Amino acid sequence: MARVHGPAAAVLLLLLAAVLPAYAVDYTVGDSSGWASGVDYDTWANGKTFNVGDSLGKCID
């Protein structure tokens, strides 16, 4: 496999940096239950795969 050097490597890195945030996901923690006492966050998180760039937030009413 050919190696990428110099300016081509910089362009490749810039393209990756531009594309990767497009795959980020915004999660509302606890869905409609939100951040509250008694919410089973283990069940909420089950089946979700969190990645670098994803956002965890709360529902704003």
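Whatever comes next refers back to the structure up there.
Residues numbered from 1 in each chain as written. Predicted model: local features only at pLDDT ≥ 70, side-chain atom pairs only at ≥ 80, totals over all residues. Heavy atoms only, no water.

Assigned secondary structure in the protein consists of 2 helices and 2 strands. Listing each helix as α and each strand as β along the protein from the N terminus yields α-β-α-β. Sorting the 61 residues of the protein into buried and exposed places 10% on the buried side. Restricting to contacts in the protein with at least 6 residues of sequence separation, those with at least 24 account for 43%. (Helix = DSSP H or I, 4+ residues; strand = E, 2+ residues; numbered from the N terminus. Buried < 20%, exposed > 50% of the residue type's maximum accessible area, 1.4 Å probe, protein only. Contact = heavy atoms within 4.5 Å.)

Let us now look at the environment of Y41. Its place among the elements puts Y41 in helix α2 (residues 41-45). According to the relative accessible area criterion, Y41 is partly exposed, its value standing at 27%. Through-space distance from the C-alpha of Y41 to that of D31 is 9.8 Å; in sequence the pair is 10 residues apart. Not counting the four nearest positions on each side in its chain, Y41 is found in contact with V29, G30, G34, W35 and A36. Of the polar contacts made by the side chain of Y41, one reaches the backbone nitrogen of A36; its length is 2.8 Å. (Polar contact = N/O pair within 3.5 Å; in protein donor to acceptor, adjacent residues only side chain to side chain.)

To continue, consider the packing of aromatic side chains. By the definition in use, this model includes 3 aromatic pairs. Ring plane angle 85° and centroid distance 6.3 Å describe the contact between Y27 and W44, whose orientation is recorded as edge-to-face. Here Y27, found in strand β1 (residues 26-28), pairs with W44, found in helix α2; they are 17 residues apart in sequence, far enough to count as distant. The class for Y27 is buried, based on a relative accessible area of 16%. Here the aromatic cluster, defined as three or more aromatic residues joined through ring pairs, consists of Y27, W44 and F50. (Phe/Tyr/Trp six-rings, centres within 6.5 Å; stacked < 30°, edge-to-face > 60°.)

On to a nonpolar patch on the surface. Taken together, the side chains of L12, L13 and L16 define a hydrophobic patch exposed on the protein surface, amounting to about 290 Å² of accessible area. Considering the arrangement of structural elements, one finds L13 in helix α1 (residues 6-19). By relative accessible area, L13 is classed as exposed at 58%. (Patch = residues over 30% accessible without salt bridge, like charges linked within 9 Å, V, L, I, M, F, W, Y side chains within 5 Å. Areas by Shrake-Rupley, 256 points an atom, 1.4 Å probe, with all protein chains shown as cover. Salt bridge = Lys/Arg side-chain N within 4 Å of Asp/Glu carboxyl O.)

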